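Chain by chain, the residues run as shown.
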Amino acid sequence: MKRTWWKESVVYQVYWRSFNDTDGDGYGDLQGVIDKLDYLHKLGVDVIWLNPCYESPDFDNGYDISDYYKIMKKAGDMETWERLLNEVHKRGMRLIMDLVLNHTSHQHPWFKESASSKMNPKRDYYIWKDPKDGGPPNNWRSYFEPSAWTFDETTGQYYMHSFAVEQPDLNWENEDMREEIYEMMRYWLDKGIDGFRLDVINLLAKQDGLPDAEHPEGLSYLGNNPGIHEYLQEMNDKVLRHYDILTVGEIPFVTPEDGLLYVGEDRNELHTLFHFEVADDMPSWDMKRYKQIQNRWYEGLKGKGTNSQFLNNHDHTRQVTRFGNDNEYRKESAKLLATMMHTLPGIPYIYQGEEIGMTGVRFDSIEDYQDIAMKNKYEEEVEKGRDPSVVFEELLPLSRDNSRTPMQWSDEDNAGFTTGTPWIKINPNYTDINVEEALADPHSVFYYYQQLIELRKKHPVMVYGDYEDLSGGDEHVYAYTRSLDGETWLVLLNHADEENTVDLNSITLPPTEPLLSNYSEADETLLRPHEARIYQL
Ligand code: TEU
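Definitions and cut-offs
Residues numbered from 1 in each chain as written. Predicted model: local features only at pLDDT ≥ 70, side-chain atom pairs only at ≥ 80, totals over all residues. UniProt positions renumbered as here; feature names shortened; annotations may be inferred. Near = placed C-beta within 6 Å. Nonpolar A, V, L, I, M, F, W, Y, C, P; charged D, E, K, R; others polar. Domains from an automatic or database assignment. Contact = placed C-beta atoms within 7 Å. Helix = DSSP H or I, 4+ residues; strand = E, 2+ residues; numbered from the N terminus. Buried ≥ 20, exposed ≤ 12 C-beta atoms within 10 Å, placed from the backbone. Arc of directions from axis to C-beta. Pairing = 2+ DSSP bridges.

Per an unreviewed UniProt entry, the recorded name for the protein chain is oligo-1,6-glucosidase, and the organism is Halobacillus locisalis. Recorded under Sequence similarities (unreviewed entry), the UniProt text for the protein chain is reproduced unchanged: "Belongs to the glycosyl hydrolase 13 family." Of the protein chain, the UniProt comment under Catalytic activity (unreviewed entry) reads exactly: "Hydrolysis of (1->6)-alpha-D-glucosidic linkages in some oligosaccharides produced from starch and glycogen by alpha-amylase, and in isomaltose."

Let us look at the site of the ligand. Taken together, 16 residues lie near the ligand, and D60, Y63, F163, P252 and D315 sit nearest. Counted by class, the shell around the ligand contains 9 nonpolar, 1 polar and 6 charged residues.

A few words on the domain arrangement of the protein chain. Taken as a whole, the protein chain is organised into domain 1 (11-106 + 170-208 + 216-451), domain 2 (109-160) and domain 3 (465-536). Here the C-alpha centre of domain 2 lies 29 Å away from the C-alpha centre of domain 1. With 15 residues of domain 1 at the contact, the number on the domain 2 side is 13 residues. Looking at the side of domain 1 that touches domain 2, the element that brings in the most residues is helix 11 (residues 372-383), giving 4 residues. Looking at the side of domain 1 that touches domain 2 residue by residue, the classes come out as 7 nonpolar, 5 polar and 3 charged.

Following the UniProt record, one finds the feature "domain: Glycosyl hydrolase family 13 catalytic" (unreviewed entry) at residues 13-404. Segment residues 13-404 splits into 31% helix and 12% strand. End C-alpha atoms: 12 Å apart.

Residues of helix 6 (residues 228-238) that are buried: I228, L232 and M235. Take helix 6 and look down its axis: the buried residues cluster within an arc of 60°, on one side only. What points out from helix 6, more than 90 degrees from its buried face, is the exposed set E230 and D237. For helix 6, the secondary structure elements touched by its buried residues are helix 5 (175-190) and helix 7 (256-263).

Take the sheet that holds strand 18 (residues 516-517) next. The 5 strands are arranged 14-15-16-20-18 in an open sheet whose pairing can be described as antiparallel. Two strands lie at the open edges of the sheet, namely strand 14 (466-469) and strand 18, each paired on one side alone.

Our next topic: the pairing of strand 1 (residues 11-14). Side chains of strand 1 alternate between two faces, with V11 and Q13 and Y12 and V14 buried alike. As defined by bridge partners, strand 1 adjoins strand 13 (residues 347-351) across 3 bridges and the pair is classed as parallel. Paired with V11 across the strands is Y349, a residue of strand 13. Bridging between strand 1 and strand 2 (residues 47-50) involves 4 bridges; their strand directions are parallel. Considered in strand 2, the bridge of V14 is made with L50.

The strand order 11-10-9-5-2-1-13-12 describes an open sheet built from 8 strands, whose pairing is parallel. Only two strands of the sheet have a single neighbouring strand rather than two, namely strand 11 (272-274) and strand 12 (308-309).

So, about the environment of Y63. Examined against the element boundaries, Y63 turns out to sit in the loop between strand 3 (54-55) and strand 4 (67-71). Here Y63 falls in the buried class, since 26 other C-beta atoms lie within 10 Å of it. When the C-alpha positions of Y63 and P52 are compared, they lie 6.4 Å apart, and in sequence the two are 11 residues distant. For Y63, the residues in contact, after removing those within four places along its chain, are P52, V100 and D199.

Take a look at the structure:
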C-alpha cells in the first residue's frame, strides 16, 4: 500500500472541555489546549483530534451545532482557535476537527427556518413527515430517545432525529443543503486544518420510504443505507480530495466487508474508520472474540484500506477499567492495552488521560452525571416503573461520563484542571493518578506510551507490516507477528491476572531483551500478569 503521513500517525483525542481550564469557568478551553501542547509534543503524538468546539447550546456537549462558522464561548473564540492551529503546526503536529454532518442543533438557523412553515425554502433541509395513525411516522428508536420522531405543533408534522430531540437530522437528499455543507467544509480546510473526524457519517442516508423496523431496539437501520456512498463520493470529489488531509469516519454497524466500501483506497470516500465491534458490541473483555475481530478486519482490509485502533473515547468507559485491570495491575494493564493498540494494524488513537492510565468513575447519584444518553435512558426506564437504584446501577459501567471527568494534571485542588468549579466532578483518584506523578516516574504509563510512539517513527513495520495471529484459540494470550521487508516483530500479550505460558510453535525467542516490555527481564515463554513484550526477531 502507498505510504502516507496519515497512515504513520498516532492520533491524540482532546476532549477540550475536560482538558485544561484557563479562565476559571470550570470548562476546559482552547487556550488550555495551547498551554499543554508541549506536553503532547513530549508524548510524541502526530495528530490532535479536537472534539466539536463550534457554537452550540451544548445539549450533547457540542455535537449539536448551531453555527458551523463560530467557536463556542466556553471554548474561546476564533482568534484563539487560529492560534491553536498555528501553535500545533509550529510543533510539527497536525490538527483534525470533529465535524457533525448528520444533524445540527435545533437552534441552528436552518432548523428554525425549516420549522417555521411548510412553505419555507429550508423546510426540506430536515426530515419532516405527517403523523401515522395519530402517532409517529414509524417505530424507529433514536440513540437517546424512545422515538426517533418529535411532533412539532406549528406545522403539524414530525421531524426525525437519530439522537436527542435537540439534534434534528439533516436531509441529505437536499442538494442545496449539501452544497452549503461542502462550502462550510472548505472554509475550515482553507484555514489550514489537517482533516476531519466525521461524526456518525454512515447515518446520512435514510432508508427509502422510512419503513417500520423489524427490531427497533437494534438501531442498525439508521446506518449504511442506499445512497450513502454516493454522498461520500460527492463529498470527496467536491471537497476532500483537494486537500492533503486525514479523514476518519465514525461508522457504527459495519462489518469489514461494508467497512471496505467506506475506506477502500479505490473508493474515493474516506481514509479510515472507527468500527464498533469492540467499543459498542463487546461489553467486557473477551480475548478469543477480540482476536477474531482483529483477524477478520485484517483480512478484510488487507492491502486495500486502513483500519483504526481504539478501545475508548469520549463515549466509552476508559479502557483500563472496562477492558483491563484498573486495580492491582493498573499500570501493567494500561501498558499492555497500549502495546496492543500501537502494534496491531491500523492507526492508533489515544484518548486524553489514557497515557497516564486514568480510570472510569463511580459517582453516588444520577445528579452527579451530565451525559444526556445516560440521563435520558435513566428517565425512560424509571418512567416504566422500574426501581431507580437498580436502573442507576445498570447504567453506571457504560455511562459516557466515565471518560469525561477532567484530565488529572496534579494532586493539587481540582487535579490542576481548573481554579473554578469543574463542570463535572473530578475522579477522586487524582491524588494518585496524575500527569505530575507520571512525569516523575521513569516507569510510568506515560513514558511507555512515549516509547511506543517513538518506535513507530523508526520502524515502518509497525505501520505497514503484515500481521499474523499465532495464538488463535488461547483465552488469555495474544501472540502475533508483524513483518515487512525481512524485518519481523513478535508481540506477546498476557491479558490475565495470572501467569500464562505462550506456545510459539516454530518461533524461537531471540537471546536479546525485548524492544519494549512492561516488566523487567523477560522470562522465556512464561508471561506474568498483564505482561506485554515486543521482540524484533
Ligand atoms: O457518537 C455516536 C454514538 O452515539 C455511538 O457510535 C456511540 O458508540 C454510542 O453512543 C456508545 O455509547 C457520536 C459522538 O461521538 C457522540 O458523542 C455524540 O453524542 C453522537 O455522535 C451524536 O452526535
